[in-house]
Amino acid sequence: MANAPPSMQNLRLVDPITDLPITTVSEGTAERLRGTVTDAGTLDELTLRVNWGDLITDEVTLAPGDSFHIDHTYLDAPAAPLNLTIQLLVTDDDGASANGTIPIQVTNAPPTITGITYTPAVPFEAAKIELAATTTDPAGAKDALSFTWLITGPTGFSLSPTGPSPSFTPKK
């Protein structure tokens, strides 16, 4: 009798909190792959290998009829959406296999300004003012951040310094 290949059913990506189906995810946000594996050989051990399309792979061992969920977080995405294909391969312990794919779009998430400080706390006329911004980004150090400030004064002066910590001295 020939070995029948295993199969996968109900493959889908879902939000891990709401369990609703998704096709797009922002960098730094988890998604969950759900499905079920089956095999005619009820005593077979099945290996499911998931290639997420971002150089990360996961592998789990399952039994026929097992449902699974595997969580993954894409760490970085370019400014334009990144279209990836998640590749799945399920193999039984006799070497028969089946594959599947799921498309996903990974989008770049904006950074968040978490704080702005300036010194001196009470600036006085013609005193140097130092600014500092703190931020977070879901991609962490993988996303280079740029800072552009717009500073206007009551006397009509305007500055556009760059960087996370500019300083300036207002003109009279």
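Located above this text is the structure these notes cover.
Note that this is a predicted model, so its numbers are computed, not measured.

The rules we used
- Residues numbered from 1 in each chain as written.
- Predicted model: local features only at pLDDT ≥ 70, side-chain atom pairs only at ≥ 80, totals over all residues.
- Heavy atoms only, no water.
- Helix = DSSP H or I, 4+ residues; strand = E, 2+ residues; numbered from the N terminus.
- Rg over C-alpha atoms; globule rule 2.2 N^0.38 Å.
- Buried < 20%, exposed > 50% of the residue type's maximum accessible area, 1.4 Å probe, protein only.
- Contact = heavy atoms within 4.5 Å.
- Lys, Arg positive; Asp, Glu negative; His and termini not counted.
- Charge placed at Lys NZ, Arg CZ, Asp CG, Glu CD.
- Phe/Tyr/Trp six-rings, centres within 6.5 Å; stacked < 30°, edge-to-face > 60°.
- Salt bridge = Lys/Arg side-chain N within 4 Å of Asp/Glu carboxyl O.
- Polar contact = N/O pair within 3.5 Å; in protein donor to acceptor, adjacent residues only side chain to side chain.

Participant: A description of the overall build of the protein chain should follow, citing residues and the corresponding values.
Facilitator: Regarding its fold elements, the protein chain presents 0 helices and 13 strands. Reading the protein chain from its N terminus to its C terminus gives the helix and strand order β-β-β-β-β-β-β-β-β-β-β-β-β. Taken against the 2.2 N^0.38 rule, which gives 16 Å for 172 residues, the C-alpha radius of gyration of the protein chain at 26 Å runs more than 25% over that of a compact globule. In terms of its C-alpha atoms, the protein chain occupies a principal-axis envelope of roughly 95 × 25 × 25 Å. Out of the 172 residues in the protein chain, the part that is buried amounts to 30%. Considering only contacts in the protein chain between residues 6 or more positions apart, those separated by 24 or more positions represent 55%. Taking the average place of the 8 positive charges on the side chains of the protein chain and the average place of its 20 negative ones, the gap between the two points comes to 18 Å.

Participant: Talk me through the packing of aromatic side chains; I want residue IDs and the actual numbers.
Facilitator: Between two aromatic rings, the relevant description is the distance of the centres plus the angle of the planes. Per the stated rule, a full pass over the model turns up 1 aromatic pair. Ring geometry for F157 against F168: centres 6.4 Å apart, planes inclined by 45 degrees, an arrangement best described as tilted. Taken together, the residues F157 in the loop between β11 (151-152) and β12 (158-159) and F168 in strand β13 (residues 167-168) connect sequence positions 11 residues apart.

Participant: Run through the pattern of salt bridges, naming residues and quoting values.
Facilitator: One pass over the full model with this rule turns up 4 salt bridges. Notably, a salt bridge pairs R34 with D19, separated by 2.8 Å at the nearest N-O pair. In this pair, R34 sits in strand β3 (residues 30-38) while D19 sits in the loop between β1 (7-14) and β2 (24-26), placing the two residues 15 residues apart along the sequence. Take D19: its relative accessible area is 37%, and that puts it in the partly exposed class. Its salt-bridge partner being R49, residue E59 comes within 3.1 Å of it at the nearest N-O pair. Remark: R49 occurs in strand β4 (residues 46-51) and E59 occurs in strand β5 (residues 57-62); sequence separation between them is 10 residues.

Participant: Quick rundown of the side chain of R32? Include the residues and the values.
Facilitator: In this structure, R32 sits in strand β3. For R32, a relative accessible area of 14% gives the class buried. A polar contact of 2.6 Å, which involves the side chain of R32, links it to the side chain of D71. Filtering out sequence-adjacent residues up to four positions away, R32 remains in contact with R12, L13, V14, P16, H69, I70 and D71.

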